Amino acid sequence: DRYLFLMDLQNRNETLFYHVVTRHIEETMPLIYTPTVGQACQAYGHIFRRPRGLFITAADRGRVARVLGNWPHREARICVVTDGERILGLGDLGADGMGIPVGKLALYTACAGIHPTQCLPVTIDVGTDNAALCADPLYIGTQQPRLRGPEYDALLEEFVAAAQGVFPGIVIQLEDFGNRNAFRLLERYRDRACLFDDDIQGTGAVALAGVLAALRLTGGALAAQRFLFLGAGEAGIGIARTVVAALVEGGMEAAAARGRCWFVDTQGLLTAGRADIAPHKRPFAHAHAPLATLHEAVARLQPTILVGCSGQPGLFSEDVVRAMARHNGRPVIFSLSNPTSRSECTAEQAWAWSEGRAVFASGSPFAPVAHAGGTLVPGQCNNAYVFPGVGLGLIASRARRVTDAMFLAAAKCLAAEVSESDLAVGRVFPPLARIREVSLRIACAVAEIAWRDGLATSERPADPVAFIRAQVYTPEYPVYA
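Numbers given for residues are sequential positions, taken from 1 along each chain in its written order. Restriction of local features to residues with pLDDT of at least 70 applies here, the model being predicted, together with a cutoff of 80 or more for giving and counting side-chain atom pairs; totals for whole chains, interfaces and linings are based on all residues. Side-chain numbers come from the whole structure's heavy atoms, not from hydrogens or water.

### Details of the overall build of the chain
The way it works is that DSSP assigns letters per residue, a run of H or I at least four long becomes a helix, a run of E at least two long becomes a strand, and they are numbered from the N terminus. In terms of regular secondary structure, the chain is built from 20 helices and 14 strands. The globule rule used for comparison is 2.2 Å times the number of residues to the exponent 0.38, while the radius of gyration itself is calculated over C-alpha atoms. A compact globule built from 481 residues should have a C-alpha radius of gyration of about 23 Å, and the chain, at 22 Å, falls within 12% of that. With 481 residues in all, the chain has 60% of them scored as buried. Contacts are residue-level and defined by heavy atoms, with any inter-residue pair within 4.5 Å sufficient. The contacts in the chain between residues at least 6 apart in sequence include a share of 73% that link residues at least 24 apart. Within this scheme the basic residues Lys and Arg register as positive and the acidic residues Asp and Glu register as negative, but His and the chain ends are omitted. By convention, charge coordinates are those of NZ in Lys, CZ in Arg, CG in Asp, or CD in Glu. One way to put it: in the chain the 45 positive side-chain charges average out to a point 3 Å from where the 46 negative ones average out. Each residue's exposure class comes from its accessible area (1.4 Å probe, protein chains only) as a fraction of the maximum for that residue type: buried when under 20%, exposed when over 50%, partly exposed otherwise.

Following this line, the structure appears as structure tokens:
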């Protein structure tokens, strides 16, 4: 009901909507984005009020540019696009996944001050393999099995070209594509457009920031950590790739850096001897005897950092958490699956089973936990700490491409924003109330890399901070003389 109230307010009075959201971000972000947006997407056709984005279907082949030309705001500078195949941890929601681009772009405005008219939500409706949606008379999308293969690729090719043609210099954010498409689409287009995948690169940056902050509590160096990931999809692989990039930047050989990252997926420990390993998993398939369960992997590998990206609730069981606590004085446990119902464990469980020693963060928000006469505050490893600032930096510099160096800079910048008072209560991310200032700092760091590396189409101003701050939208009514 609160989600619907806020969406109706956005439809009626956009200025007032953003005024409310920016001034009450800690209360409203869980409503307009995770975890509530997941429930909203599951019921999207049943709560549909009015369209807030563009739907492009296979029937639009040959005229995608004309469809994009129907968007009323010619100054669109950033586009969040999904095909709805992997919405959060909820799976294939087809066209009902439009709630994600709409919600993400609301955060671009609320968290980084990108003007609402510069934001373009798009859903590529290529059908759905969700049988319940195909039978639902209120489903808003194409009720047929998903388009695959060359026809799918041709539609995406046309979309990327059309978006760049209709809105020159636009930033394209891929969002919630299935594993089978996300990695290959990123590799195909990252050098041809100003494009990134938030589930891979944004998640990697925000998680690395949390790890860097956590190490201030545990006292170890990044190069000394052993990571164990539960789930080898976009989020897990994206985090591992970002960790590897940070280790390589610090002087470690790439092969050795990958050797610090281990994965458990639906078949157990990811090992080099397994047959038919997906291409995105191969770099992290190491030589080791097979292990069937997460608990076995924790016991044998003795990781210092455990990261959950499985989309399956409760898999960080008491045995797993206690095993982490036996091997580490301060075990780092990140339970990142969204929404809250899919979290591998709760903050209360992580701290209770580790006697309060765990350094914990989650993908969805959890309430503070009373422990040993004090209060521990869980940090939320939310991509909203990173992607709005990255987008603002790309727009301000008019960057031609998005690079891994930009996400590394964003991660370091975010980690530096975690104060000693945050760490004192167990929080490894800054309060959401500071997110606009954090996003501005990240935007400056990203823009500096674009200018430094010759990727910007605008000249570096004398005062980049003032230049970017001047572009930030503030939700206020105009004053007329």
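The structure having been displayed, the exposition proceeds.
### Some words on the sheet that holds strand E9 (residues 305-308)
Only when DSSP finds a minimum of two bridges between them are two strands counted as paired. As summarised here, the arrangement of the 7 strands in space is E8-E7-E6-E9-E10-E11-E14, forming an open sheet in which the pairing is mixed. Across the chains shown, the open sheet's two edge strands, defined by having one partner strand only, are strand E8 (268-269) and strand E14 (379-380). By the bridge criterion, 4 bridges tie strand E6 (residues 227-230) to E9 in an arrangement that is parallel. In the sheet register, leucine 230 faces E9, and the bridge partner there is glycine 308. Here an axis means a line fitted to C-alpha atoms, over the contact stretch when the element is a helix, while the angle between two N-to-C directions is reported on a 0 to 180 degree scale. Sheet strands in contact with helix H13 (residues 294-301) are E6, strand E7 (261-265), E8 and E9, and its direction is about 175 degrees off that of E6.

### A closer look at the side chain of threonine 271
Considering the arrangement of structural elements, one finds threonine 271 in the loop between E8 and H13. Overall, the relative accessible area of 6% leaves threonine 271 in the buried class. Setting aside residues no more than four positions away along its own chain, threonine 271 makes contact with Ile277, Ala285, His286, His288 and Ala289.

### Notes on the pairing of E7
The buried fraction of E7 amounts to 5 of the 5 residues, a majority that puts the element mostly inside the structure. The alternating pattern of E7 places Cys261, Phe263 and Asp265 on one face and Trp262 and Val264 on the opposite face, and all of these are buried. Strand direction decides the pairing type here: E6 and E7, joined by 4 bridges, are parallel. Within the sheet, the bridge partner assigned to phenylalanine 229 lies in E7 and is phenylalanine 263.

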